[in-house]
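Chains, contacts and geometry: an overview
One-letter residues, chain by chain:
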Amino acid sequence: MCRHHAKHFTCHSSFHLQKKPARKCCSLHSSVLGNLEQTIVPTFGNLESQHNFRTPETAEFNGKSDALYFNDGQRRIDFVLVYEDERRKETNKKGSNVKQRRKRQAYESNLICDGLKLEATRSVVDDKLVFVKVHAPWEVLCTYAEIMHIKLPLKPNDLKTRSSAFGNFNWFTKFFQVDENIIKPEQEFFTAPFEKNRMNDFYIQDRDTFFNPATRSRIVYFILSRVSYEVKDNVKKFGINRLVNSGIYKAAFPLHDCHFSWPSQDVSCPNERYLLYREWAHPRSFYKKQPLDLIRKYYGEKIGIYFAWLGYYTKMLLLAAVVGVACFLYGYINQDNCTWSKEVCDPRIGGEIIMCPQCDKGCPFWRLNITCESSKKLCIFDSFGTLVFAVFMGIWVTLFLEFWKRRQAELEYEWDTVELQQEEQPRPEYEARCTHVVINEITQEEERIPFTAFGKCIRMTVCASAVLFWVLLIIASVIGIIVYRLSVFIVFYAKLPKASNTTDPIQKYLTPQTATTITASIISFIIIVILNMMYEKVAIMITNFELPRTQTDYENSLTMKMFLFQFVNYYSSCFYIAFFKGKFVGYPGDPVYWLGKYRNEECDPGGCLFELTTQLTIIMGGKSIWNNILEVVFPWVMNICRLYFTASSTEKKTPRWEQDYHLQLMGKLGLFYEYLEMIIQFGFVTLFVASFPLAPLLALVNNILEIRVDAWKMTTQYRRMVPEKAQDIGAWQPIMQGIAILAVVTNAMIIAFTSDMIPRLVYYWSFSVPPYGNHTDYTMKGYINNTLSIFNTSDFTERSRENLDSDLGDHTTCRYRDFRYPPGHPQQYKHNIYYWHVIAAKLAFIIVMEHLIYSVKFFISYAIPDVSKSTKSKIKREKYLTQKLLHENHLKDMTKSFGVIAERMGEVIDNNLRPKVE
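For clarity, every value in this text was computed on a predicted model and none was experimentally measured.

The subject of this paragraph is the sheet that holds strand β1 (residues 57–58). Read from one edge to the other, the open sheet built from five strands follows the order β1-β3-β4-β2-β9, with strand pairing classed as mixed. The sheet terminates laterally at β1 and β9 (251–253), the two strands that pair on one side only. Bridge analysis of strand β2 (residues 79–84) against β9 gives three bridges, and the strand direction is antiparallel. Its bridge partner lying in β9, V82 is registered against A251. Seen against the sheet, helix α7 (residues 213–224) touches β2 and β4 (129–135) and runs at an angle of roughly 45 degrees to β2.

A few words now on the pattern of salt bridges. Counted by the stated rule, this structure contains 28 salt bridges. In this structure, D382 and R760 form a salt bridge, with 3.2 Å as the shortest nitrogen-oxygen distance. In this pair, D382 is assigned in the loop between α13 (372–381) and α14 (384–414) and R760 in helix α26 (residues 757–767), connecting sequence segments 378 residues apart. The pair formed by D382 and R760 is uniform in burial state, with each residue classed as buried.

Here we take up the state of the cysteines. Under the definition given, this model contains three disulfides. Across the disulfide, C345 is cross-linked to C372 (sulfur-sulfur distance 1.9 Å). Taking the sign of the S-S torsion, about 100 degrees here, the bridge from C345 to C372 comes out right-handed. In this pair, C345 is assigned in helix α12 (residues 339–345) and C372 in helix α13, connecting sequence segments 27 residues apart. You'll find C345 and C372 in the same group, each marked buried. Here C356 connects covalently by a disulfide to C814, the sulfurs 1.8 Å from one another. Looking down the S-S bond of the C356 and C814 bridge, the torsion is 90 degrees, so its handedness is right-handed. Of the two residues, C356 is situated in the loop between β10 (354–355) and β11 (366–367) and C814 in strand β19 (residues 813–817); the sequence distance between them amounts to 458 residues.

The next subject is the UniProt feature "transmembrane region" (unreviewed entry) in the protein. The positions UniProt marks with the feature "transmembrane region" (unreviewed entry) are residues 306–333, 384–404, 467–494, 514–535, 679–705, 729–753 and 833–854. Helix makes up 100% of residues 514–535 and strand 0%. Its end C-alpha atoms lie 31 Å apart. As annotated, residues 729–753 comprises 88% helix and 0% strand, and the C-alpha atoms at either end are separated by 35 Å.

A word on a nonpolar patch on the surface. On the surface, I625, W626, I629, L630, V633, W636, V637 and I640 cluster together into a nonpolar patch covering about 700 Å² of accessible area. Position of I629 relative to the elements: it lies in helix α21 (residues 609–649). On the basis of relative accessible area, I629 is assigned to the partly exposed category, the value being 39%.

Let's shift gears to the environment of P283. With respect to the helices and strands, P283 occurs in the loop between α9 (272–281) and α10 (292–299). Residue classification places P283 among the exposed positions, given a relative accessible area of 57%. Distance in space between the C-alpha atoms of P283 and A711 is 10.0 Å, their sequence separation being 428 residues.

Another point: the packing of aromatic side chains. Throughout the structure, instances matching the rule amount to 60 aromatic pairs. For the ring pair F79 and Y221, a centre distance of 6.0 Å and an interplane angle of 25 degrees mean the geometry is stacked. Of this pair, F79 sits in strand β2 while Y221 is found in helix α7, placing the two residues 142 residues apart along the sequence. When sorted by exposure, F79 lands in the same class as Y221, which is buried. For the pair F400 and F682, a centre-to-centre distance of 6.0 Å together with 45 degrees between the ring planes defines the contact as tilted. Placement of the pair is F400 in helix α14 and F682 in helix α23 (residues 670–687), with a sequence separation of 282 residues. In this structure, R459 is placed above the aromatic ring of F545, and the distance from its NZ or CZ to the ring centre is 4.7 Å.

What follows covers the nonpolar core. Residues W309, Y313, W396, F400, F684, F688 and W732 are the most contacted members of the largest nonpolar core, which totals 160 residues. If you tally residues by element for this core, the top one is helix α11 (residues 301–333), at 15 residues. Discounting chain neighbours no more than four positions away, the residues touching Y313 are W396, F400, M678, Q681, F682, V685 and N703. By size, the runner-up hydrophobic cluster in this structure holds 45 residues, among which are L118, A145, L152 and I219.

Relative orientation of the contacting elements α11 and α14 amounts to 165 degrees, with a least axis distance of 10 Å. Classified by the angle their axes make, α11 and α14 are roughly antiparallel. As for how α11 packs across α14, the hand of that crossing is right-handed. Considered class by class, the residues forming the contact of α11 with α14 number 22 nonpolar, three polar and one charged.

Calculation notes
- Residue positions are given per chain, counted from 1 along the sequence in the order it is written.
- Local features are withheld for residues below a pLDDT of 70 in this predicted model, meaning they are given only at 70 or higher, and side-chain atom pairs are given and counted only at 80 or more; totals for whole chains, interfaces and linings count all residues.
- As a rule here, side-chain values come from all non-hydrogen atoms in the structure, and water together with hydrogens is ignored.
- Two strands qualify as a pair provided DSSP detects at least 2 bridges between them.
- Secondary structure elements follow DSSP: runs of H or I no shorter than four residues count as helices, runs of E no shorter than two count as strands, and numbering proceeds from the N terminus.
- Note on contacts: a residue pair qualifies if any of its non-hydrogen atoms lie within 4.5 Å across the two residues.
- Working convention: axes come from line fits to C-alpha atoms, limited for helices to the stretch in contact. Angles between N-to-C directions cover 0 to 180 degrees.
- A pair is scored as a salt bridge if a Lys or Arg side-chain nitrogen falls within 4 Å of a carboxyl oxygen belonging to Asp or Glu.
- For the exposure calls, accessible area comes from a 1.4 Å probe over protein chains only, and a residue counts as buried if that area is under 20% of its type's maximum, exposed if over 50%, partly exposed in between.
- Note that a disulfide, as used here, is simply two cysteine sulfur atoms within 2.5 Å.
- UniProt positions are given in the numbering used here, feature names are shortened, and annotations may be inferred rather than shown by experiment.
- Here the term patch refers to residues with relative accessible area over 30% and no salt bridge, with like charges joined within 9 Å and nonpolar side chains (Val, Leu, Ile, Met, Phe, Trp, Tyr) within 5 Å.
- Calculation of accessible area relied on Shrake-Rupley with a 1.4 Å probe; when residues are assessed, cover is drawn exclusively from the protein chains displayed.
- Each Phe, Tyr or Trp ring (for Trp, its six-membered ring) is paired with any other whose centre lies within 6.5 Å, and the angle between the two planes then decides the class: stacked below 30 degrees, edge-to-face above 60, tilted in between.
- Consider the ring centre and the ring normal. A charge sits over the ring if Lys NZ or Arg CZ is within 6 Å of that centre and within 35 degrees of that normal.
- Definition of nonpolar core: a set of buried residues of the types Ala, Val, Leu, Ile, Met, Phe, Trp, Tyr and Cys, connected through side-chain atoms within 4.5 Å.
- Any angle that falls under 35 degrees is termed roughly parallel, while one over 145 is termed roughly antiparallel, one within 65 to 115 roughly perpendicular, and all others oblique.
- Less than a right angle of anticlockwise turn of the near helix away from the far helix marks a crossing as left-handed, whereas a clockwise turn marks it as right-handed.
- Residue classes follow a fixed rule: Ala, Val, Leu, Ile, Met, Phe, Trp, Tyr, Cys and Pro count as nonpolar, while Asp, Glu, Lys and Arg count as charged, and any other residue, Gly among them, counts as polar.

Structure representation (C-alpha cells):
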C-alpha cells in the first residue's frame, strides 16, 4: 500500500531545491493528495480488501500517567486521535459501524504511508474508547517544515537588546515581573525558512529538541488536515476535521505537557503548563506581567499575540481610567454648584412649574421637581469635565493604536512572523475545491482555483444579502424596543408616583422615565444575547460558503461579518437614545406619532444623557457578567460533571491523553470570540464615553479579570489548542481604526445634541444678559424657565383633551421642553431666536471639535512611525547576518567540494603521467 512513499518525499524535496514560487504550493499539495489517493480503497463495500490496510501498533497503558511518549519511551506523542470502537457499540446500526471503521482504517493507513507512526491504546476508564497516538519522525518533520516554510534557528542571536527606558525604576518594576529563576528567558536565534539541502546550516544540537512540541504539533496537524480517507465518484474526502464532525473520531488534539497543579514526575518534561498556571493563570499573579514568550512557545503566536494585545490595551486603559475618574470626581464635587439643578429641585421654581403630559392617554400633568434626583445625577456627567474627557479620549485612542503598531512590529521581529503572509498555506477546504484551471497572469502557468469570476460574484452576492437580512432583523428588533418604550411609558405613568415629597426611597427615585429606561435596557440586552447566538452559526455558514483561500482570509472575512452584526446589535439602542430619542417629538399641540398610533417619546427635562449613561451601564455590566458566566462557570461545571462520572466508574490511574480528552474543546473560533468581546467593549469605551466617564474604569477592572480568566480556562479547563502562526491581530486592527474615527463624531454629537452643555453656554453668554436677558452679569439663573416653552391647554388636540383633568387642578397653560414662541405671539409655537442660536452653536462646536481632534490624530499618526527605528535596524541586521551566514556556509561547501574535485583530478593526472615518466 505504501509503494509511493519514497516518491512522496522526493516530490517535496525537489520542489524546494528548485526554488519555485510559493504559488506552486497548491499544486504540490494536490500532488501529495494524489499520491495518497492511490492507497485508498475507493469503495467500502469490498471487505476482501481490508487486509491491505496498514494498522497502528497496539500497546497497553504502562501506568505512567505523565508519559508523553509511546510505550518505548523514545517516540514523542505529537497528536492524539480518539474514537469509539464500533465493535463495542450497541445502539448504532451494524452497516454504519462497518462503514465508519473502514473510513478510519483507510485514513490511519494513509497516515502511516505518509511516514507518521501510530500507537493505539484502549481507554482505562471506558473500554469502548481507543486513543491513537501520533508521532512524526525526523524525516517527516524536516520534509513538512520545508513545505510549510517554517523558520528555524541558524545560530544564537548576538545582537544587544536595548535597555528599558524605565531602567532607573527596576526596584519598582521588578515587583511586577515574572521571576526569571522560575520562567527562564528564551534564548534568541537568527532564523531562516528550513531547507533540507541546507540542514548543516541550522543550529541542530539535538534532533529531539530542534523542533519544539508546538512546532511538531503544527506540522502533524498540517498532515492530518490533508490526508484523504475516501474517494467516491471522483470526489475526495479528507481531513481530520471532517472525520471529527462526522463522528468517526471523537476528538483530535495535541497533549498538555503535565498537570496544571503539579509538575510532572518525568525529569525531561519542561512543565510549561504548570509554570503558566503558577505564574500567569493563578489569581495571586493578577498583578504580574504576562510571560508572553512562554505563552507563545506553548500555545503558538496566534494566542500569544492576543494576550499581548489584551495586556497592552489594559495597560493603556489605566491612563484613560485615571482621567475618567478625575472628570467624574470633578462633576461629583461641583454638583452642589449646579444652578439649573437647584432650580429644578426648588419648590418655588421647579415645584411651581406644571409640565404638559407626555402621552395622549393616562398621562397627567406633572410638576418639574419630581425629576430632582435625576437632575442631580445628571450634573455629575453633564459637566465641563465631560467635554475635556471626550477630547482626551479622541487623542488617547490614537496614541493607543499607534503605540500598539510599534509593539506589534517588535513582536513580529521577536517571534519571526515578519514574512508570515508569504509562508501561509491554503486551507485544505479551499484546495479540495480547486477544480477550475486558469492561467496565472504572472507566471503564465496553469493553476487551479475553486470557482470562476462569475461564481465568485454569485457567492459574494449571496453572502452580502444574508448579512443585510440579519442587520435589518436587528433594526426591526430596535423598532420593537422603541414601541415597547412608548407603550409601557403610559402604564408606568399610571402606576408610579408623580410627587417628589414621598419618603419611600423606591418611589422617590423610580420615576416613569427611569422605569421605562431600565426595563427597556434589560429587554434590549436579552434580545442582543439571543440574536448573537443565532447569528454566530449563520455567519460561519456564510463564510464557509464564501470559501476564503487561507485561514487568515477566513478569519478576516468572518470577523467583518460578525462585527458588522454585533455593531448594529449592541450599539443600535445607544445610537437611538443619543441621537433620535426626543429629537423629533413636535410640541403638545402637534405631536409626532410612530406608526400613526404611538406618540414619540420625549427626553427627561434634564435631557437624554443620563438615560444613555444608564443604558451603557446595564449593557456593559450585563455583558461582562454574562460572558464571565459562560467563560468560567460553564466549562468548569462541564468538567466537574465529566470527572464525577469517570471517577464514579473507576479509581485507576489515567494517562495524560485520557485526562486531556475529558477537558473542554476550545474550538478554532474560540479566540475569535475573545477578540470580539474586547472590541465590542472598546467600542463602548470610545464611542459613547462622553456620556459615561467611568467606562474606561469598568473596562480596566473587567480586563484585569479577563486576562486571568482566559489564562485560567486555557491552562486548566480546555484541551491544548493546535499552535498557529499569526503576524498581527488581523482585521481587528482596521476595525479599531474605524471605531476611533467614528468615536470623534459620536462624542462631538453627544455633547452637542444629547447633553445640555451647548444650550447652557448659549444662555450664559448670550441670553442671560441684555438684549435677550434681564441679568446684569453672566449667570445661569433663570436657565430652566428660559428653556421651557409655554403651551395653552386649549390648543390640545381632541386626542389629548382627556388629560386636562388631573389632581393638580385646572390649568390654562403648561410647559414643555423646547425653544418656541409662546401662545399669542405672531409666530406662536414656531422656533424662536434662542433655538437658532443653539443650532448654530451646536454645528460650530461639532465642526471645531472634529477638526481639532482629527488634526491632532493625524499629526500623532504621522509623528509616530509604525515600526520603531531600533526594530527596523534589528530586522535589517538579522537579514544581513542570515544571508551572510548562509552565503558563507554555501561558499565553504563549494570550496570543500572544489577541493575534493581538485584532489581527485590531481590523482587522475598523477596516475596518467606516472607511466610516461617511468
